[in-house]
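Working through the structure, step by step
Chain residues, written in single-letter form:
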Amino acid sequence: MQVTGLRHLIRVARGAIPADLVLKGGKVIDVFSGCVRKADVAVVGERIAGLGSYEGKTVMDCRGRFISPGFIDGHCHLESSLLTPRRLAPLLIASGTTSVVADPHELANVKGLEGIRFLLRDSARLPLSIFFTAPSCVPASPLETSGAVLTEKALRPFSRHPRFLGLGEVMNFPGLLRGDEEVLQKILAFRGRIKDGHAPLLSGKDLCAYVAAGIASDHECTRLAEAREKLALGQRIMIRQGSQAKNLKALLPLVNPAAARRCLLVSDDVSPEDLLAKGHLNAVLKEAVAMGVDPITALRMVTLNPAEYFGLLDRGAVAPGYVADLVVLKDLNRFEVETVFCKGKLAAREGAYAGRSAPSRPSPSLTSMHIKDLWPERFQIRPQGRRARVIELLPGQILTRSVFRKVRRRRGQPYLPQEPDLSLLALVERHHGTGNIGLAWVSGFGPLRGALASSVAHDSHNIIATGDDPADIHLAVRTIEASQGGLAVSARGKVLAHLPLPIGGLMTDESAEEVISARKALARAAAEVGCAIPNPFMALSFLALPVIPELKLTDRGLVDVNRFSFVPLFD
């Protein structure tokens with residue numbers, strides 16, 4: 001802001017000249033003192049000029065309505081929506097979200113710096129403010145094959161970039177604890193900046209070491225005792241409530257008057273259909289208040305708390321000088337969003353985006369599909385030994401359980417009884433044509449009579465597939481290969497449903513409505529082949545993430561995450 005602009009802001013604040021916009025007679029939510037007071041909100045340009053009694057060139061009657069700061073999602077992955085930033089922004093804004101802090105490690109794991117630059121370009125000059133943290137773990141671990149590797153040297157320029165607020169979730173906590181040179185160099189490169197955490201179930205002296213290295217937050221808490229320990233050591237706790245991982249109910253007892261200012265509500269990963277049907281942070285606020293959290297306390301967790309944590313000191317409150325990101329709410333129970341202003345401009349009204357959703361036009365070079373030596377027989381497992389390890393899904397979690405199933409023998413030949421809930425799991429490397437295929441069994445998807453496959457497979461995003469028939473798995477994987485990425489369901493030699501995702505195998509430039517329509521067709525097809533869980537593709541995508549306990553699959557084999565090492569399929 002120049003002197004002329006500042007002088008103009010001061011004159012409006014003093015009431016000497018009319019504001020550009022006045023929200024008249026509303027109930028302003030004061031997140032500083034925790035109260036609600038009736039006042040006009042005067043806006044000039046992108047800033048709030050003052051609270052009190054004001055006149056303006058444009059006046060909006062807000063009597064009987066609540067005026068809240070715009071919501072801030074302190075931890076999300078844009079790619080999980082399957083939409084480009086330009087296509088995603090309207091859904092978030094219509095739900096009251098005006099700022100997000102995104103870790104771009106999904107596309108970075110596929111396309112490296114080129115992927116990050118695409119997200120930066122595509123998210124520029126939107127009404128939604130999209131900030132980033134630099135992806136600290138590309139790849140997430142040395143136990144998988146990613147499309148790219150980002151070193152400390154590659155990340156260092158982001159430590160000075162105005163839209164990068166710090167270092168993204170440090171998933172390689174075993175490397176940090178070992179004192180690995182590259183991990184520590186990345187942390188030091190972001191000295192004086194926020195460093196987000198990712199350390200599920202880490203405890204005791206190892207947790208002390210992790211926090212001592214400067215890791216300031218964690219969004220992976222699934223147990224109350226875990227969250228309390230991390231909070232007591234000084235970390236901010238990001239309570240996650242997304243489409244797959246839902247930790248709100250388990251962690252809300254943490255939110256007492258003393259601890260609430262150190263807690264954030266975040267989404268992490270949200271599907272486009274959930275965004276359209278339920279909303280974004282407004283839906284999380286509704287759930288939190290229904291569970292007994294004070295409405296203003298809940299609002300602080302998506303406004304002032306994330307703003308202060310990330311150093312966005314002119315956001316997160318309705319106060320003079322702050323950015324005019326404002327949400328007009330009908331109530332503080334259901335959090336129905338009536339009107340949204342981003343940087344002082346009308347952005348959404350009654351659930352409808354007020355702008356235009358423009359296409360992204362990504363570069364063709366953002367594709368990544370290089371598969372070698374693929375035929376149906378490669379998806380067959382020949383049992384041996386006495387027991388087989390099985391990945392067991394846990395409802396509502398991205399954690400899994402490692403269980404054993406007994407290997408039986410028929411006429412001297414070993415076999416694993418095909419119980420109704422047991423299916424094959426395959427992970428096909430797609431970035432470098434290595435020919436790697438990891439194989440395992442998984443329980444929890446239901447009695448499948450076909451196959452599901454996805455090129456969204458956290459975090460290296462190889463192709464993951466599950467099913468009962470190697471031929472159907474092969475067909476689903478080949479379908480994804482042909483479309484340069486996507487989601488597919490196959491059965492009895494036919495493709496039942498398919499959504500191409502040609503941008504890195506993770507996103508499409510199609511509209512949200514088109515993507516949701518295709519996702520609904522995929523859900524119907526998944527149910528048709530016997531899948532018994534909601535959001536099956538999101539559940540499937542996390543089975544490849546070797547930094548979330550307990551047992552996961554990569555293209556190089558089965559990983560015991562607690563030991564951070566490979567384990568044999570048979571014991």
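Residues numbered from 1 in each chain as written. Predicted model: local features only at pLDDT ≥ 70, side-chain atom pairs only at ≥ 80, totals over all residues. Heavy atoms only, no water.

So, about the sheet that holds strand E27 (residues 494–500). Taken in spatial order, the eight strands make up an open sheet running E19-E18-E23-E22-E25-E24-E26-E27, and their pairing is mixed. Both edges of this open sheet fall to strand E19 (400–406) and E27, since each of them pairs with a single strand only. Looking at each pair of strands side by side, their axes are set apart by 25 degrees on average, direction ignored. Direction of pairing for strand E26 (residues 486–491) relative to E27: antiparallel, over a ladder of six bridges. Paired with Ala488 across the two strands is His498, which belongs to E27. Along the sheet face, helix H14 (residues 470–482) touches strand E22 (422–428), strand E24 (451–454), strand E25 (463–467), E26 and E27 and points at about 150 degrees away from the line of E26. In the packing of helix H15 (residues 512–528) onto the sheet, the strands contacted are E24, E26 and E27, and the crossing angle to E27 comes to about 150 degrees. (Pairing = 2+ DSSP bridges. Helix = DSSP H or I, 4+ residues; strand = E, 2+ residues; numbered from the N terminus. Axes fitted to C-alpha atoms, helices over the stretch in contact; angles between N-to-C directions. Contact = heavy atoms within 4.5 Å.)

Glancing now at the environment of Phe566. Its place among the elements puts Phe566 in strand E30 (residues 565–567). Of the residues examined, Phe566 reaches a relative accessible area of 31% and is grouped as partly exposed. Separated by 15 residues in sequence, Phe566 and Leu551 place their C-alpha atoms 9.7 Å apart. Excluding residues that lie within four positions of it along the chain, Phe566 makes contacts with Leu143, Thr554, Arg556, Gly557, Leu558 and Val559. (Buried < 20%, exposed > 50% of the residue type's maximum accessible area, 1.4 Å probe, protein only.)

Attention shifts here to the pattern of salt bridges. Pairing of side chains with opposite charge becomes possible as their charged atoms draw close. Inspection of the entire model under this criterion finds 28 salt bridges. Salt-bridge contacts for Asp20 lead to Lys57; the nearest nitrogen and oxygen are separated by 3.5 Å. Remark: Lys57 occurs in strand E4 (residues 56–61) and Asp20 occurs in strand E1 (residues 19–30); sequence separation between them is 37 residues. We classify Lys57 as exposed; its relative accessible area is 62%. Residue Lys330 is joined to Glu336 by a salt bridge in which the shortest nitrogen-to-oxygen separation is 3.8 Å. Using a relative accessible area of 29% as the deciding quantity, one classes Lys330 as partly exposed. Note on Glu336: relative accessible area 29%, which makes it partly exposed. (Salt bridge = Lys/Arg side-chain N within 4 Å of Asp/Glu carboxyl O.)

Attention shifts here to the domain arrangement of the protein. The assigned domain composition of the protein is domain 1 (3–64), domain 2 (71–316) and domain 3 (376–566). Relative to domain 2, the C-alpha centre of domain 1 lies at a distance of 32 Å. Taken together, the nine residues of domain 1 in the interface contact seven residues of domain 2. With both sides pooled, the region where domain 1 packs onto domain 2 buries about 580 Å², and carbon together with sulfur makes up 66% of that total. Of all residues in domain 1, Ile29, Val31 and Arg47 bury the most surface against domain 2, accounting for 68% of the area lost on that side. In this structure, Asp314 and Arg47 form a salt bridge, with 3.0 Å as the shortest nitrogen-oxygen distance. Linking domain 1 with domain 2 are two residue pairs in polar contact (both at pLDDT 80 or more), by the criterion used here. Here the residues of the side of domain 1 that touches domain 2 sort into five nonpolar, two polar and two charged. (Domains from an automatic or database assignment. Buried area = accessible area lost by both parts, 1.4 Å probe. Polar contact = N/O pair within 3.5 Å; in protein donor to acceptor, adjacent residues only side chain to side chain. Nonpolar A, V, L, I, M, F, W, Y, C, P; charged D, E, K, R; others polar.)

Moving on: the sheet that holds strand E7 (residues 97–102). Reading across from one edge, E6-E7-E8-E9-E10 is the order of the five strands in this open sheet, with parallel pairing throughout. Looking at the sheet topology across the chains shown, the edges are occupied by strand E6 (71–76) and strand E10 (194–197). Across the sheet, the mean angle separating the axes of adjacent strands is 30 degrees when strand polarity is ignored. Relative to the sheet, helix H11 (residues 281–290) contacts E6 and E7, its axis offset from that of E6 by approximately 95 degrees.

What follows is about the pairing of strand E3 (residues 47–52). Of the strand pairs in this sheet, strand E2 (residues 35–44) and E3 are connected by five bridges, and their pairing is antiparallel. The residue of E3 that forms the bridge with Val43 is Ile48. In this antiparallel pair of consecutive strands, E2 and E3, the connection spans two residues, and Gly45 shows a positive phi of 60 degrees.

This part takes up the environment of Pro104. Within the fold, Pro104 resides in the loop between E7 and helix H3 (105–122). Between the C-alpha atoms of Pro104 and Ser136, which are 32 residues apart in sequence, the distance is 9.9 Å. Apart from the residues within four sequence positions on either side, Pro104 is in contact with Glu79, Ile116, Leu119, Phe132, Thr133 and Pro135.

A full pass over the atoms with the stated rule returns six aromatic pairs. Measuring from centroid to centroid gives 5.5 Å for Phe132 and Phe164, while their planes differ by 25 degrees, and the two rings are stacked. Taken together, the residues span a long stretch of sequence, with Phe132 in strand E8 (residues 129–134) and Phe164 in strand E9 (residues 164–170) at a distance of 32 residues. As far as burial versus exposure is concerned, Phe132 and Phe164 are alike and both buried. Three or more aromatic residues joined by ring pairs form one cluster here, namely Phe132, Phe158 and Phe164. Its end group placed over the ring of Trp375, Arg378 keeps NZ or CZ at 5.8 Å from the ring centre. Sitting over the ring of Phe404, Arg387 keeps its end group 3.7 Å from the ring centre. (Phe/Tyr/Trp six-rings, centres within 6.5 Å; stacked < 30°, edge-to-face > 60°. Lys NZ or Arg CZ within 6 Å of the ring centre and 35° of its normal.)

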